[in-house]
Amino acid sequence: QVQLQESDPGLVKPSQTLSLTCTVSGDSITTKYYYWTWIRQPPGKGLEWIGYITYSGSTYYRPSLKSRTSISRDTSKNQFTLQLSSVTPEDTALYYCARLSLIDGKSGYDYWGQGTQVTVSS
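Residues numbered from 1 in each chain as written. Predicted model: local features only at pLDDT ≥ 70, side-chain atom pairs only at ≥ 80, totals over all residues. Heavy atoms only, no water.

A short note on the packing of aromatic side chains
Then, in step 1: Scanning the entire structure with this criterion turns up 10 aromatic pairs.
Then, in step 2: Put simply, the rings of Tyr-34, Trp-36, Trp-38 and Phe-80 touch in pairs and so form one group of aromatic residues.
Then, in step 3: Between the NZ or CZ atom of Arg-99 and the centre of the ring of Tyr-34, over which it lies, the distance is 3.6 Å. (Phe/Tyr/Trp six-rings, centres within 6.5 Å; stacked < 30°, edge-to-face > 60°. Lys NZ or Arg CZ within 6 Å of the ring centre and 35° of its normal.)

So, in structure tokens, the structure goes:
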């Protein structure tokens, strides 16, 4: 079974950079055709897609967050990392990593991490 696990960043202060790492087990993050994705859910709101890194290392970000978002990977550790700079309290959310599958002529998130709470506060 594929499992994803987010790191715990704890409290992040405004203007700092948030860094979250997702550790994947059960499958390689270089396996076709999967996109490794970050999604967040602010309190009382719906899910918001942040961006992904593909099996080949290409990235794409939500346009409104692109200027301060970076997703990278470490294939030797089977991990991918989110960096979100210049955070504000509006970035407070439950952050998930998830796998987007493009197999069988469909797309969908078949595996999710448990989520990690990020609170941006001074």
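Points about the pairing of strand S8 (residues 79-84)
Then, in step 1: Buried residues dominate S8, accounting for five of its six residues.
Then, in step 2: Across six bridges, the pairing between strand S7 (residues 69-74) and S8 is antiparallel. Counted as the bridge partner of Thr-69 is Leu-84 from S8. (Buried < 20%, exposed > 50% of the residue type's maximum accessible area, 1.4 Å probe, protein only. Helix = DSSP H or I, 4+ residues; strand = E, 2+ residues; numbered from the N terminus. Pairing = 2+ DSSP bridges.)

Topic: the sheet that holds S8
Then, in step 1: The strand order S1-S3-S8-S7 describes an open sheet built from four strands, whose pairing is antiparallel. Here the strands that pair on one side only, and so sit at the sheet edges, are strand S1 (3-6) and S7. Sheet twist, expressed as the mean angle between neighbouring strand axes with direction ignored, is 20°.
Then, in step 2: Both S1 and strand S3 (residues 18-25) contribute to a ladder of four bridges, which runs antiparallel. Bridge assignment links Leu-4 to a residue of S3, and that residue is Val-24. (Axes fitted to C-alpha atoms, helices over the stretch in contact; angles between N-to-C directions.)

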